[in-house]
Amino acid sequence: MSSAVVIEKTDEPAVFENYVVLPDCFGTGEYDDRADVRAIRETVDSALEKLDAAVRFTQKLSGNREVIIKPNLVSVYHDSGFRETDYPETTDPRVFEAVVRFVSRFTQNITIAESSGKPMPTRVNFRTTGYDRIARYYGASLVALEERPVTRYMLPKAEVMKEVYLPDTFERAVRGEAFYISVPKMKTNLYTGVTLGFKNAMGTIPYFLRERNHSYLINKKLTDLMYLFRPDLTVIDAIVGGEGNTPAPVDPVKVGKIIAGNNSVETDRVATVMMGFDPDSIPLMTEADTRGFGDRDVRIIGEAEVIAFRPAVSSFLDEKTQREFPNLHALYGHTLEDSGTITDPQLVTPGDVQKLERQCTGGCLAAAKTGLDYYNFTEKPKRDFTLWIVVGSGIELDGKRWWFDSAGRAYSLEDLRKIPDRKLALGNCSRPAAEACDYFAKGCCDPAECMAAVCRAAGVRMPIMSVKNRKLPALGLGMFRTVLIRRKLIRRGMYVDCPYSQEDRIFPIPEDAGRDADYIPWPLPEMSRDEKRRMLRDQWRILSSALLGGRK
């Protein structure tokens, strides 16, 4: 099938304000007459009409076909305890409404589906942003995916995520019965460099499966998911982009564009170029290319104007972090790749240490950096705390384990014990150092645990867990409600997630699985009594990782 990407621009300045919460007047003539709403609707309509002229995607919507539309509501930052009221972290509800409005011309069978980042309750985010009002107005179903039972598939061609649990809502997209639309926000990301159309699928899989291989394997994992399903249409909200260290708050970038395409990899490639990045420098993009999910014969309609975004920096060694947190010390001892070049702990260079850090940037490091940046966006951050973060199992030389600071200085376990300041062992791989540290962020990788742990170890309060977050009571009740709903389904013998596990390994599928198939349905067994008991207990981890993260 031919591929096309359309770039459409608006020059209306009003679109650059009020980009997190749907205006109260939605559903009235006053909303329809707003300059920002008219401009966004016209821009979305124009982009989709031009794309339809090129690839005729609306023909696939005939017969009142079901359409599943997924935004990106990973964390909604509105009155959340930060310096500013709003941050462009999530899909602009005005853009999303315009997409739903367009689709409703061809079918009335619309489902809005999303699952926010653990432990954030999606239903609270639906209410905060006004997505619930959009659903009511258009008669669409509204689904919080973390509250749905799951089905299971095996992916014989996958390199990492060979076993997939997927909420039953998306079964119809897998079978090709439903038309799937991804509507992400244009923004940078600590884990993957950028987060756009096909990475948006991370929010379709359940909580514990997200944490599997949420590490140096994350780019392969996300690409694997495209063997199961891919967006039929991607509409990128590039009205106000976000630059910085997502999932932490990001700074707004006025772009004023809608980017739409029928191949998510190529749509993301265009957006990546427009953000000022070389797609070949983004491992997530190159991984998708290697698997053949792109289409280099894509037709690009419109001007791919470049507005350089500030990159996300998944590091504690960068100049900005060291300047902002002068007493933060990171020690690295990863052994994920061959560390054979390090044979003498006294001859390690700063360049060697940077290579050690880069061995795993898609997991605990990025999550802990998010925690620091959460604090960075408070009204008056006090950054002079002293904290040592230990990453990795330590490089073994002559019977001792060694970790190295930014200058290449070596630290043994004995040296760690002698450090009088607060110390955090980050991730399961750092377990050998945990007994010499005051705090231990468990998991591989539990992002919520790492974010909470770094703030607890630093002695600072995470803003979204403070009384300054006006949504805190609703979030707390929503988290508790989510756990209760999941436990209720489990009691009825329904799976809501994969088994909880924080292991650094690839979970296998049967060796006799058909190797030529993109995916194979893999029915779940009847739940045993012991398994049910274990799953019921594990649901409380949804709360404990955020509330108790870092405690040994």
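Below: a short report on this structure. Each residue is numbered by its place in its chain's sequence as written, counting from 1. Only residues with pLDDT of at least 70 get local features here, since the model is predicted, and only at 80 or more are side-chain atom pairs given and counted; chain-wide, interface and lining totals rely on the full set of residues. Hydrogens and waters are ignored; side-chain quantities use all the structure's heavy atoms.

This part covers the packing of aromatic side chains. The description of an aromatic ring pair uses the distance of the two centres, along with the angle that the planes make with each other. Pairing of aromatic side chains requires ring centres within 6.5 Å, counting the rings of Phe and Tyr and the six-membered ring of Trp. Pairs whose planes differ by under 30 degrees are stacked, by over 60 edge-to-face, and all others tilted. The final tally for this structure, using the stated rule, is 22 aromatic pairs. The interplanar angle of 35° and the centroid separation of 6.3 Å between the aromatic rings of F57 and F102 together place this pair among those described as tilted. Placement of the pair is F57 in the loop between helix 2 (35–55) and strand 2 (67–71) and F102 in helix 3 (residues 93–103), with a sequence separation of 45 residues. Each of the two residues, F57 as well as F102, counts as buried. Through successive ring pairs, a cluster of aromatic residues spans Y77, F82, Y87, Y374 and F377. Its end group placed over the ring of F208, R486 keeps NZ or CZ at 5.9 Å from the ring centre. We call a charge positioned over a ring when the NZ of a Lys or the CZ of an Arg lies within 6 Å of the ring centre and within 35 degrees of the ring normal. Across the ring face of F507, the terminal group of R505 is positioned such that the distance to the ring centre comes to 3.9 Å. Note on conventions: DSSP H or I runs of at least 4 residues are helices, E runs of at least 2 residues are strands, and numbering of each starts at the N terminus. Per-residue accessibility, obtained with a 1.4 Å probe over protein chains only, is compared with the maximum for each type, and a residue is labelled buried under 20%, exposed over 50%, and partly exposed between these values.

What follows concerns empty space enclosed by the protein. Cavity and pocket criteria rest on a 1 Å grid covering protein atoms alone: a 1.4 Å probe that fits but cannot get out defines a cavity, protein on both sides within 12 Å along at least 5 of 7 lines defines an open pocket, and an atom within 4 Å of a point defines a lining residue. Grid points are joined across faces, edges and corners, and a volume is the space filled by probe spheres set on the points. Within the structure shown, the criterion is met by three cavities of 30 Å³ or more. Within this model, the largest cavity holds a volume of roughly 600 Å³. Lining the largest cavity we find 35 residues, and of these V74, G117, K118, R210 and P247 sit closest to its centre. Taken together, the elements giving at least two residues each to the lining of the largest cavity come down to strand 8 (185–189), helix 7 (207–211) and helix 16 (447–458). In this classification, the charged set is Asp, Glu, Lys and Arg, the nonpolar set is Ala, Val, Leu, Ile, Met, Phe, Trp, Tyr, Cys and Pro, and all remaining amino acids, among them Gly, are polar. Split into classes, the residues belonging to the lining of the largest cavity amount to 17 nonpolar, eleven polar and seven charged.

One broad rule of soluble globular proteins: the nonpolar side chains tend to lie buried together. Formed by 119 residues in total, the largest nonpolar core has its most connected members in M186, I259, F316, L424 and L426. Contact partners of L426, with chain neighbours within four places excluded, come to F316, C364, L365, A368, I389, V390, V391, A441 and C450. Each nonpolar core is a collection of buried residues, namely Ala, Val, Leu, Ile, Met, Phe, Trp, Tyr and Cys, held together in the definition by side-chain atoms within 4.5 Å. By the convention used here, residues are in contact when the closest approach between their heavy atoms is within 4.5 Å.

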